[in-house]
Structures are given as structure tokens and as C-alpha cells.
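Working through the structure, step by step
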Amino acid sequence: MIFLLLAILAVVAVGYFIYKKTHAASAIFVVGVLLLMIAAATGRIEHSAADIESSGNAFYDELLIVESLFKSRFAGTGMAIMVLFGFVGYMRHIGADAKTVVALSAPLQKFHGSYWLVPIGFLVATLLSFVVPSASALSLLLVATLMPALIAAGLTPLTVGAIIATASTIAPSPLEAGLIQGADLTGMSVTEFTFGNVAKATVPALVVIAFTHMWWQRRCDKKDLAKVGAGATAGAGADGADGGGPGAASGTASEAELAAAKNAESERRIREAVERAEGLPGFYALLPLLPLLLIIVSALLNRFGVVSFEAGILPVTVISLLVTAIIESIRLRDVNEAVDSVQHFFKGLGEGAAGVVSLIVAAAILVEGITQMGVIEALTDLARNSSGAAVVMVLVFVLATSVMALVTGSGVAPYFAFSEMVPGIAAESAVSAPQMLTSIWAASNTMRQASPVNAAVLIVAGALDVNPIDIVRRTLVPLLAGAVTAVICALLFI
């Protein structure tokens with residue numbers, strides 16, 4: 001019990017530091033390392049799943065685990081993030097990102113910043129998750145492409161960030177690892193399990209998430225605008241100025257105030273984009289989209305058997321960079337200048353390492369510390385030992401996976417921790433295995449995006465330069481609504 005309390009105190013400490021505007025990565029890293037040192041002192045290192053060669057000293061072994069996490073995060077997802085951030089930096093330097101914003105914002109502006117863009121943007125991003133199944137990879141691509149266009153079209157940065165952070169949740173794809181394993185556990189084909197069972201619960205849930213997003217982001221925007229107005233009023237009052245005016249003390253922003261603020265920000269961004277894009281050929285608008293287009297083409301070619309692989313983020317980004325540099329040398333008629341400008345790719349790479357990747361590494365260290373405290377084992381035992389009505393068992397599983405997803409930021413770990421025991425439990429209850437598997441899969445894959453240590457959340461927070469908690473505040477309610485809907489639909493329709 002004492003170890004669970006220590007894990008909870010660690011999470012609370014991180015929350016406190018972030019609330020106090022402490023550098024998020026630093027706070028998470030320091031608390032995580034301290035937790036590992038406590039684990040070493042109390043003999044909890046044996047609960048680690050890290051693959052290291054023990055030195056015989058628990059404290060040094062914990063540092064080896066930290067080293068392993070640094071290497072794995074920088075070499076895997078971290079390297080992809082850094083390379084894509086570098087590409088975004090290069091696109092910013094040559095003005096191609098501005099050309100894309102101008103091109104995409106023209107049709108989107110017809111919505112006049114309407115919140116109907118929220119469900120539309122979410123559903124479009126969700127469809128893209130079928131061809132880019134990795135949540136972190138999809139977030140990276142959307143940050144570089146969809147984010148600036150939606151912001152220029154009139155949505156607030158945090159609203160767009162919430163859309164992107166929740167883009168890859170519970171789309172019923174037969175290529176998803178959890179659904180492949182679920183099909184195997186139930187003795188069904190993947191397509192039968194996915195479309196004949198899981199989709200009945202997750203498609204309605206995705207619709208609920210989309211429209212809950214619409215309502216919740218509007219509500220959050222109004223509250224944020226009211227806080228800004230209250231701060232301005234307080235400042236004016238301190239200077240002896242008149243702090244009155246319509247709605248000044250109401251605590252909520254009016255529709256007119258919200259629309260005016262959004263329109264002003266939209267016009268500013270579009271004006272800046274037009275200035276930066278001036279003189280560039282029209283086709284430059286496609287250059288920032290090259291990595292996304294190449295990944296989609298690669299995925300389609302693989303599906304149809306034309307090629308035997310699907311291209312990853314790093315290879316397509318490097319080839320996109322090379323193609324763009326060649327195009328730039330032709331446009332500028334100066335190879336030296338075109339090659340020299342590639343330095344902005346490396347500057348952006350460094351920004352990605354210092355911002356987003358540092359958060360991901362720090363979060364991995366904190367999660368490792370929490371794991372060694374026995375939180376995961378305790379939640380697994382809670383679900384395994386639950387008894388009573390079948391529906392109660394499902395709810396216990398859902399609650400346990402949701403908590404694990406929130407704590408770890410992973411949907412894979414909670415789902416696989418419980419899925420193996422489902423067929424045996426289902427055989428002795430009134431709830432079928434597909435119902436239970438769908439429920440815990442939906443719970444883990446929705447609630448992971450409401451975790452401040454989730455990779456997609458960290459990527460979006462880093463891109464917007466805000467605390468991960470600010471993104472979580474925007475994602476928690478829509479995802480909670482989606483998880484509840486998925487569980488209810490699983491029990492009713494499967």
C-alpha cells in the first residue's frame with residue numbers, strides 16, 4: 001500500500017509543479033528519477049520490465065534503465081519527431097508552410113470560424129488514422145499540415161490541438177494490433193471481429209466524441225476568453241481605469257466577444273501567411289504535405305501488394321527534404337543558397353529535441369517509476385479478483401484499464417494486460433468475450449489521449465508551447481463521453 005501511495009504522491013507532485021508553471025519536462029524528469037531511486041532503495045527494481053544487464057547495484061541499475069529509456073526514445077519515436085520538426089523548420093524558412101495555410105484556409109474560411117469545423121476536422125483526422133495508425137506519427141503530420149490551416153480558418157490553437165491530440169483513438173481498423181489479438185482470442189477473423197463487433201460500439205462513440213468536442217471546445221474557449229478579459233479588467237482597475245463594460249464581471253464571454261477574438265486572430269495569421277508566401281509558386285503549398293502524401297501512397301501500395309513495406313516517418317521526411325531542396329535550388333537559381341538553407345532543418349531538429357522529445361523521455365522515466373511501485377500489478381489484480389454480476393466485472397475492467405491508460409499514457413499496455421484473461425472470465429459469465437474485449441480496448445485507447453504523458457498530447461503541447469495539462473483539459477471530456485458510449489454500445493449491440 002505504501003508503494004501505491006508513493007506513486008500517487010509522485011503524480012500529485014508533477015501536477016503541482018506543472019500547475020505552478022514549472023518547466024514540464026524538468027518536473028516530470030526530476031520526480032521520475034527520484035521515484036526510481038526510491039524503488040532502488042526499497043527493492044522494487046525487480047518489478048521493472050526494462051531489458052538491461054544488471055550491474056549488481058540497484059541504484060546504478062536504475063540509472064542504466066534511465067540510459068536505456070533515453071536511447072530507446074531518442075532512437076525511435078524521438079528521432080522521427082526531431083526529423084519532422086526539422087522539416088517543419090525548413091518549410092517555415094522557405095515560406096512553403098505559409099503557402100499551405102493560404103491555400104487551405106481559403107475554403108475553410110467559408111465556415112467563418114464556425115465550431116462545425118471541430119467535428120469535421122476530428123472525423124477527417126480519424127479517417128487518416130486508417131493509413132497512419134501510429135497516434136504519435138499522425139499527430140506529427142497533422143501538427144505540420146492541418147494545425148496551421150484550422151487555426152487560420154478561425155479556430156483557437158487549443159481547440160485545434162485537442163482535435164489533433166484525439167485523432168487516433170478507436171477507429172475500427174483491422175490493422176490495429178489490439179484488434180488483431182482480440183480476433184485471435186475470440187477465434188474470429190480480424191475483419192469479422194473488427195467490423196462485425198468492434199465497429200458497432202466504436203463508430204457511434206466516434207460520432208459522440210466529434211460532437212462533444214464541438215460543444216466542449218466552444219465552452220472552453222469562452223471560459224479562456226473570459227479569464228483574459230478578467231485579467232485585463234483587473235489590470236485596468238489597478239491603474240485606476242474604468243473596468244466596466246458589457247459582460248466585464250459576468251465571468252463568461254459573450255458570443256460576440258468570442259467571435260471577435262477568433263476573427264481577429266484568424267485575420268492576423270492569414271495576413272502573416274500571405275506576406276510570407278508572397279512570390280512563391282502555387283505548388284509550394286503541397287511541399288509541407290509531402291511526408292503525409294508519401295506515407296499514404298506507401299500504405300496504399302503495400303495494401304495492393306505493389307511494394308512489400310510501408311514507409312516510416314523518417315525516410316519519407318528525408319526524401320521530402322531532398323526534393324524540396326532541389327526545387328528551391330531551381331527556383332533561386334543558386335545551389336549554394338539552397339543547400340545553405342538546409343541548416344534550418346537541423347535547427348528545427350534541435351527544437352524538437354529540446355521541446356517534445358524531452359517531454360517524452362521524461363514521461364517514460366516517470367511511468368517506469370510508477371510501474372516499479374506496483375501500480376500496474378495492483379490494477380491487474382483488482383480486475384482479476386473482481387466478482388459479482390457480469391456487467392460489474394466489465395465496469396471493473398473498464399475502470400482499471402482507464403486508470404492505467406491515464407497513468408501510463410499508453411493504450412497498448414492496459415489492453416494487453418487484461419485481454420488474455422478475458423476469454424476465461426467471459427466463459428463463466430453472461431457477458432461475451434467480444435463485448436468485454438471491445439469495452440476494455442475502447443476504454444484504454446480513448447483515455448490514453450487524456451493522459452498528460454501520452455506521446456500525442458506531448459507532441460501537440462510542444463508544438464503549441466503550452467503545458468500538457470492545457471491539452472488534457474480539452475481532451476478529457478470528449479474522450480470520457482466516447483469511452484462511456486463505446487462501453488454502452490458494446491453491451492447493447494454486440
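Because the structure is predicted, anything quoted here is derived from the model rather than measured.

1. Here's the deal with the overall build of the protein
Across its full length, the protein holds 23 helices and 0 strands. In the protein, buried positions account for 50% of the 494 residues. Here the protein has roughly 21,400 Å² of accessible surface; of this, 67% comes from carbon and sulfur atoms.

2. A closer look at a positive patch on the surface
On the surface, Lys 21, Arg 219, Lys 223 and Lys 227 cluster together into a positively charged patch. Residue Arg 219 is classed as partly exposed on the basis of its relative accessible area, which comes to 36%.

3. Let's talk about unusual backbone geometry
A positive phi angle, close to 55°, is found at Arg 333, a residue other than glycine. The topology assignment puts Arg 333 in the loop between helix H14 (313-332) and helix H15 (335-340). Among the residues examined, Arg 333 registers a relative accessible area of 76% and is labelled exposed.

4. What about the packing of aromatic side chains?
We describe a pair of aromatic rings using the distance from one ring centre to the other and the angle between the two ring planes. Tallying each qualifying case throughout the model produces 6 aromatic pairs. Seen from their ring centres, Phe 29 and Phe 70 are 6.2 Å apart, and the 80° between their planes marks the pair as edge-to-face. Residue Phe 29 is located in helix H2 (residues 24-41), and its partner Phe 70 is located in helix H3 (residues 58-75); the two are separated by 41 residues in the primary sequence. Residue class for Phe 29 comes out partly exposed when judged on its relative accessible area of 32%. With a relative accessible area of 33%, Phe 70 lands in the partly exposed category. Ring centres 6.0 Å apart and planes at 80° place the aromatic pair Trp 116 and Phe 211 in the edge-to-face group. Remark: Phe 211 occurs in helix H11 (residues 190-238) and Trp 116 occurs in the loop between helix H5 (96-108) and helix H6 (117-128); sequence separation between them is 95 residues. Given a relative accessible area of 39%, Phe 211 falls into the partly exposed group. Among the aromatic residues, those joined into a ring-pair cluster are Phe 29, Phe 70 and Phe 74. Its guanidinium or amino end placed over the ring of Phe 3, Arg 44 lies 4.3 Å from that ring's centre, counting from NZ or CZ.

5. Some remarks on the side chain of Gln 217
Structurally, the position occupied by Gln 217 is in helix H11. Judged by relative accessible area, which is 0%, Gln 217 ranks as buried.

6. Let's talk about the environment of Ile 319
Structurally, Ile 319 is set in helix H14. In this structure, the C-alpha to C-alpha distance between Ile 319 and Pro 291, residues 28 residues apart in sequence, is 8.4 Å.

7. Details of the pattern of salt bridges
Summed over the entire model, instances satisfying the criterion amount to 5 salt bridges. Note that Asp 224 and Arg 473 form a salt bridge whose closest N and O atoms lie 3.2 Å from each other. Of this pair, Asp 224 sits in helix H11 while Arg 473 sits in helix H23 (residues 468-493); the two residues are 249 residues apart in sequence, bridging distant segments of the chain. Taken together, the shared-partner salt bridges in this structure form one network comprising Asp 221, Asp 224, Arg 473 and Arg 474.

8. Topic: the confidence of the model for the protein
Averaged over every residue, the pLDDT of the protein is 81; residues scoring 70 or more account for 83%. Here helix H12 (residues 255-277) is the element of the protein with the lowest mean pLDDT, 63, and H23 is the one with the highest, 93. Under a pLDDT of 50 for its full length, residues 241-250 has, in the predicted model, 6 contacts with residues more than four places off or in other chains.

9. Comments concerning the packing of helix H13 (residues 290-303) against H14
Direction vectors running N to C along H13 and H14 enclose 130°, while the axes themselves pass 9 Å from each other. When the interaxial angle is binned, H13 and H14 end up oblique. Here H13 runs over H14; the crossing is right-handed. Residues Leu 290, Pro 291, Leu 294 and Ile 295 of H13 pack against Ile 313, Val 316, Thr 317, Ile 319, Ser 320, Val 323 and Thr 324 of H14. Looking at the contact of H13 with H14, its residues break down into 8 nonpolar, 3 polar and no charged.

10. Here's the deal with a nonpolar patch on the surface
Taken together, the side chains of Phe 111, Trp 116, Ile 120, Val 124, Val 203, Val 207 and Phe 211 define a hydrophobic patch exposed on the protein surface, amounting to about 600 Å² of accessible area. Of all elements in the fold, only H6 and H11 reach the threshold of two or more residues within the nonpolar patch. Counting residues per element, the nonpolar patch draws most heavily on H11, at 3 residues. Assessed through its relative accessible area of 41%, Val 203 is described here as partly exposed.

11. Here we look at the packing of H2 against helix H16 (residues 343-372)
For the pair H2 and H16, interaxial distance at closest approach is 8 Å and the crossing angle is 30°. By the angle between their directions, the pair H2 and H16 is classed as roughly parallel. The two elements H2 and H16 meet at a crossing, and its hand is left-handed. Along its contact with H2, which presents Ala 24, Ala 25, Ile 28, Phe 29, Val 31, Gly 32, Val 33, Leu 35, Leu 36 and Ala 39, the element H16 presents Ser 358, Leu 359, Ala 362, Ala 363, Ile 365, Leu 366, Glu 368, Gly 369, Ile 370 and Gln 372.

12. With respect to H2
For H2, with 18 residues, the first-to-last C-alpha span of 26 Å sits near the 26 Å given by 1.5 Å per residue. Gly 43 sits one or two residues past H2 and shows a positive phi near 75°.

13. Quick look at H13
Across its 14 residues, H13 extends 20 Å between first and last C-alpha, which sits within 8% of the 20 Å expected from 1.5 Å per residue. Among all positions of H13, only Leu 290, Pro 291, Leu 292, Ile 295, Ser 298 and Ala 299 are buried. Just downstream of H13, Gly 305 is the residue with a positive phi angle, here 80°.

14. Some thoughts on the environment of Ala 58
When you line up the elements, Ala 58 lands in helix H3. For the pair formed by Ala 58 and Ala 41, sequence separation is 17 residues and the distance between their alpha carbons is 7.5 Å. Residues within four places of Ala 58 in sequence aside, it is in contact with Ala 40 and Ile 45.

15. Brief notes about the environment of Leu 437
Relative to the helices and strands, Leu 437 resides in helix H21 (residues 433-447). By relative accessible area, which is 0% here, Leu 437 ends up buried. Taking the C-alpha atoms as reference points, Leu 437 and Leu 179, 258 residues apart in sequence, are found 8.8 Å from one another. Once residues within four sequence positions are removed from consideration, Leu 437 is found in contact with Gly 182, Leu 185, Thr 186, Phe 193, Tyr 415, Ser 419 and Val 422.

What counts and what doesn't
Residues numbered from 1 in each chain as written. Predicted model: local features only at pLDDT ≥ 70, side-chain atom pairs only at ≥ 80, totals over all residues. Heavy atoms only, no water. Helix = DSSP H or I, 4+ residues; strand = E, 2+ residues; numbered from the N terminus. Buried < 20%, exposed > 50% of the residue type's maximum accessible area, 1.4 Å probe, protein only. Areas by Shrake-Rupley, 256 points an atom, 1.4 Å probe, with all protein chains shown as cover. Patch = residues over 30% accessible without salt bridge, like charges linked within 9 Å, V, L, I, M, F, W, Y side chains within 5 Å. Salt bridge = Lys/Arg side-chain N within 4 Å of Asp/Glu carboxyl O. Lys, Arg positive; Asp, Glu negative; His and termini not counted. Charge placed at Lys NZ, Arg CZ, Asp CG, Glu CD. Phe/Tyr/Trp six-rings, centres within 6.5 Å; stacked < 30°, edge-to-face > 60°. Lys NZ or Arg CZ within 6 Å of the ring centre and 35° of its normal. pLDDT = per-residue confidence, 0-100. Contact = heavy atoms within 4.5 Å. Axes fitted to C-alpha atoms, helices over the stretch in contact; angles between N-to-C directions. Parallel < 35°, antiparallel > 145°, perpendicular 65-115°, else oblique. Left-handed = near helix turned anticlockwise from the far one by under 90°. Nonpolar A, V, L, I, M, F, W, Y, C, P; charged D, E, K, R; others polar. Expected span 1.5 Å × (residues − 1).

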